Amino acid sequence: MANTIKLTIDGKEIHAPEGMNLIDAAELGGIHIPNLCYLKGLKGIGACRLCMVEVEGLKAPMIACTTKVKEGMAVRTKTEKVLETRKFVIDLILSMHPLDCMTCTKAGVCNLQNYAYDFEIKESNFTRKKFGFSIDEANPFIKRDPDYCVLCGRCVRVCKNQGTNVLEFMGRGVGSKVTTANDKPLHESGCTFCGSCVDVCPVNALLEADRWRRGREWDYDKVKSVCLLCGNACDISVSTKDSRLVKVNAGAADGSPEKYICAYGRFGFDCIEADTRVRVPMKRVNGQLQETTWEDALGIVAKEMKKAGENAGFITPAGILNEDALTLKRLASDAVKTKNVDSTASLYGDESTLLSGGADLESADLFVLVGLNPNQWKRALPALDATIRRRVNAGAKLITINSAEPNISSVAAVNLVGDEPETLRALVKAIMDKGIKADGELASAVSDAPVTEMVEAAAGLFVGAKNPVILSSPALYPAAANVTLLKGAAVSMPVESNAKGIILMGIKKEGKTYGEMTTEGMKLLYAVGEVPLSRRPSTDFLIVQTSHLTEIAKQADVVLPAAAYLEADGTIVDYLGRLKQLAKAVEPAGEARSHREIFVALSEAMGTPLKEAKESETKKLAKMKPVVAFNPFTRREELEGATNEIMQSMNMHVIDGSRLLWLTESEKALA
Amino acid sequence: MVVLNQKVLEEINRIKSKYHDSRSCLLPALYIFQREYGWLSPEALEAVGEILNIPKATVKGVSTFYAMFSHKPTGRHLIQLCTNVACMLMGGERLLDVLREQYGLEPNITTPDNRFSLVIMECIGACDTAPAMLVDTDFHGNLTGEKVIDILEKYK
């Protein structure tokens, strides 16, 4: 723990950790120091000159974002001199800023507007300056209008910090401009459209492209929820107006390296209103799917399930909520009386490879990435890629262990290319050679491992690290977790958002596996959610309970309309083992119901009514107790299927039903 | 199009060995490119980024920050004329008229025969010999109208 420094700000005594800047320290005491360019979690750059404060004993005012707390410091944030200087700065910025607050989308959340209000500046006292820069609105995601830009550099810094490096200041002084390398539109500049820049822009220079006349911040209802579109399960903040989705922002706390969402998370929500939504139940009549009532559909399904009994099978993606999973488990075992329930998680993991412990990424000073290839540009675990790059930019180190060099290797301190289990064995040996002791089993397993110079270097970093975190693919997790017998924590990265929760809720290998059910032929197959299947598996009867009319749904005998993500509340267990709460942002489309509501209704139709699983029940089950024990240094080859393919086919309905289609199509065109 | 010649590559590699990170090599590398090609074309900037493994946007950002880098083609010879205080007092601005009359030069303009480009500088550190100018990398001080023409006649 850092030492605590005692200082006073505006006469208020404040205890702040050593090394903290004055803006954050003031915030501890509930004092806001105005600023346009400061970003929590990033080093202050003193660009906007607004956060000026007076420090007792110093003649000139100080910039609060770049001044660190000192013992006994007396800071005053609202002296006449300070206020005058600040007013002058706002006045100057306003001389080059459009005064169209009455129609500006950012009104209400624009820092410049707020400060102008505070200082009662209606119009700038300086000559108006207009640059007439061109607007970049060639893409459906982000609108970039440099005429509104106040040159605070927040967007430039988040873009750099997460490693995307698309935006930069061009030129200098008053005529400088934030733009891309050759002043090209974003989609020709390697932009991933994660929208981190939109989240941090204090004015109207960077904005979601479709926001014009779709309401302003004060019109919105906001809920905190979680994105379910990949294994990262990022926190999101969802804004709705008149019961319709308007925008999604990153939801993690300011300053957290996890405050990031990708283009899927931010713009995929269009799919909620896509034409492909299933709004009413459907049944197959004379070879065609026809709309029907819930009562009819439930009756048919209940009858078929009774008939199939233990020969029925349930498959689900591992992105459904804990409560849905637990209710599904009950439906299968108590009403249908079958053991055949499994999720797509079994394609890449199981209890021993997915249920890892947690880890604190914010204090991690060393990451060891085993068999993973996160990539923001390819949108493979993009948030993990961004998180690691942000931590590396803050001083953490990265070691990659992979059979082929991963994309993120360019920011790694050491890249160990080769067979992962063998490399891990060598790493453990090298670490033990440096004096960290381990029990006999581990020691004898690594005693003959060949240690190269590179492994030696990696081991040096590990020994010197306080909080090393090992991030591994599930197939390599047992081998990778051996490292934690020496020090640190290990995390198994799932492909889907709730893979860990699904297993904790009891959906794991009991009867037939997902693979077996989709290939061996079942009497009845019940597919929950958007399973990655495009062709109907051999089965006498196929039920698809889905939010979108996917390829597999088109081939079903009965289609039940299910609530999509953002339309149901509940919980999941994320990759770090954290129980995360999802809030319903909008009501389900048409007659769609949540998965668990449908399961309960079915159980009633079968004459064995079940109770819906409650959050109090799932919470109890959601605790992981990973066993820390030695495992042989081997890979679980059967779990190394094509994880990216699973992901892609599972999110197909999201991409096809949203503006993300533009992105994939334009990427195809460029390639 | 930038054709990377061996000399440039060797020079940049020599710079690389002098610094411990590639960002530190950026300015020297940009100077080499400007010297070799007369200006920094978008292709040149891209090439610098690739050689040094620095994002394109960063390269462009740095190069546009410094006034000494040119982002449009220049003539065979670059005249950098100072009109800052000392040079102005000693008649630097009159030299501008001479350049205009003799060669049709204006600030930031290249002559149609591609012989000269003119840039107005804010002090080239030669106040003691004001008015002064740089032609390419050659320094010339204590200038008069006639002297300027005499000097420039040597640059074809």
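Residues numbered from 1 in each chain as written. Chains lettered and ligands numbered in written order. Predicted model: local features only at pLDDT ≥ 70, side-chain atom pairs only at ≥ 80, totals over all residues. Heavy atoms only, no water.

Caption draft 1: Inspection of the pattern of salt bridges at higher detail. Tallying each qualifying case throughout the model produces 56 salt bridges over all chains. A salt bridge links B:Glu11 to B:Arg35; the shortest N-O distance between them is 2.8 Å. Here B:Arg35 lies in helix H2 (residues 26-37) and B:Glu11 lies in helix H1 (residues 6-18), a separation of 24 residues in the sequence. Judged by its relative accessible area of 17%, B:Glu11 falls in the buried class. Where B:Lys156 meets B:Glu153, a salt bridge forms, and the shortest distance between an N and an O atom there is 3.3 Å. We classify B:Lys156 as exposed; its relative accessible area is 56%. In this structure, a network of salt bridges that share partners links the residues A:Glu208, A:Arg211, A:Glu217, A:Lys222 and A:Lys247. (Salt bridge = Lys/Arg side-chain N within 4 Å of Asp/Glu carboxyl O. Helix = DSSP H or I, 4+ residues; strand = E, 2+ residues; numbered from the N terminus. Buried < 20%, exposed > 50% of the residue type's maximum accessible area, 1.4 Å probe, protein only.)

Caption draft 2: Inspection of helix H6 (residues 92-103) of chain B at higher detail. All names here are of chain B. For H6, with twelve residues, the first-to-last C-alpha span of 17 Å sits near the 16 Å given by 1.5 Å per residue. What H6 keeps buried is the set Gly-92, Leu-95, Leu-96, Val-98, Leu-99 and Tyr-103. The buried residues of H6 occupy an angular sector of 160 degrees when projected down its axis, which confines them to one face. Turned more than 90 degrees off the buried face of H6, the exposed positions are Arg-94 and Glu-101. For H6, the secondary structure elements touched by its buried residues are strand S1 (77-82), helix H5 (85-89), strand S2 (116-121) and helix H7 (145-152). Positioned one or two residues after H6, Gly-104 has a phi angle of 70 degrees, which is positive. (Expected span 1.5 Å × (residues − 1). Arc of directions from axis to C-beta. Contact = heavy atoms within 4.5 Å.)

Caption draft 3: Fine view of the side chain of A:Ser547. Residue and element names in this part refer to chain A. Inspection of the secondary structure puts Ser-547 in the loop between strand S23 (539-546) and helix H17 (551-554). Of the polar contacts made by the side chain of Ser-547, one reaches the side chain of His-548; its length is 2.9 Å. Not counting the four nearest positions on each side in its chain, Ser-547 is found in contact with Thr-276, Arg-277, Val-278, Glu-530, Ala-562, Ala-563 and Ala-564. (Polar contact = N/O pair within 3.5 Å; in protein donor to acceptor, adjacent residues only side chain to side chain.)

Caption draft 4: View of the packing of H6(B) against H7(B). Residues and elements named next belong to chain B. Interaxial distance between H6 and H7 falls to 9 Å at its minimum, and their mutual angle equals 50 degrees. For the element pair H6 / H7, the angle class is oblique. Pair H6 / H7 crosses with right-handed handedness. Between H6 and H7, the residues in contact are Leu-95, Val-98, Leu-99, Gln-102 and Tyr-103 and Gly-145, Val-148, Ile-149 and Leu-152, respectively. (Axes fitted to C-alpha atoms, helices over the stretch in contact; angles between N-to-C directions. Parallel < 35°, antiparallel > 145°, perpendicular 65-115°, else oblique. Left-handed = near helix turned anticlockwise from the far one by under 90°.)

Caption draft 5: Broad picture of the interface of chain B and chain A. Contact residues are listed per partner, giving eleven residues for chain B and eleven residues for chain A. Carbon and sulfur atoms supply 54% of the area that chain B and chain A bury against each other, a total of about 960 Å² over both sides. Of all residues in chain B, B:Ala57, B:Lys60 and B:Phe65 give up the largest surface area on contact with chain A, accounting jointly for 43% of the area buried on that side. One can count zero salt bridges joining chain B with chain A. Our count for the contact surface shared by chain B and chain A stands at three residue pairs in polar contact (both at pLDDT 80 or more). (Buried area = accessible area lost by both parts, 1.4 Å probe.)

Caption draft 6: The arrangement of the domain arrangement of chain A in detail. Residues and elements named next belong to chain A. Under the domain assignment, chain A is made up of domain 1 (4-94), domain 2 (111-273), domain 3 (282-349 + 502-573 + 590-621) and domain 4 (352-492). Computed from C-alpha atoms alone, the centre-to-centre distance between domain 2 and domain 3 is 39 Å. Of the residues lining the interface, eleven residues belong to domain 2; the matching set on domain 3 comes to eight residues. Between domain 2 and domain 3 the total buried area reaches about 820 Å² when both faces are included, carbon and sulfur atoms providing 77% of it. Among the residues of domain 2 in contact with domain 3, Leu-228, Cys-271 and Ile-272 are the three that bury the most area, contributing 59% of the side total. Counting the contacts that link domain 2 with domain 3 gives zero salt bridges. Across the domain 2-domain 3 interface, the total number found is one residue pair in polar contact (both at pLDDT 80 or more). When its residues are assigned to classes, the side of domain 2 that touches domain 3 shows ten nonpolar, one polar and no charged. (Domains from an automatic or database assignment. Nonpolar A, V, L, I, M, F, W, Y, C, P; charged D, E, K, R; others polar.)

Caption draft 7: Representation of the sheet that holds strand S15 (residues 312-316) of chain A within the structure. Residue and element names in this part refer to chain A. Taken together, seven strands build an open sheet; the order of strands is S14-S13-S24-S23-S22-S15-S16 and the sheet is mixed. Edge positions in the sheet fall to strand S14 (288-291) and strand S16 (341-343), since each of these pairs with one other strand and no more. Between one strand axis and the next, the sheet turns through 20 degrees on average, direction left out of account. Where strand S13 (residues 282-285) meets S14, four bridges bridge the pair, whose relative direction is antiparallel. Along S14, the bridge assignment pairs Val-285 with Gln-288. Here helix H7 (residues 294-308) sits on the sheet in contact with S13, S15, strand S22 (522-528), S23 and strand S24 (558-561), set at roughly 125 degrees to S24. Contacts from helix H8 (residues 322-336) reach S15, S16 and S22 within the one sheet, and its direction differs from that of S15 by about 175 degrees. (Pairing = 2+ DSSP bridges.)

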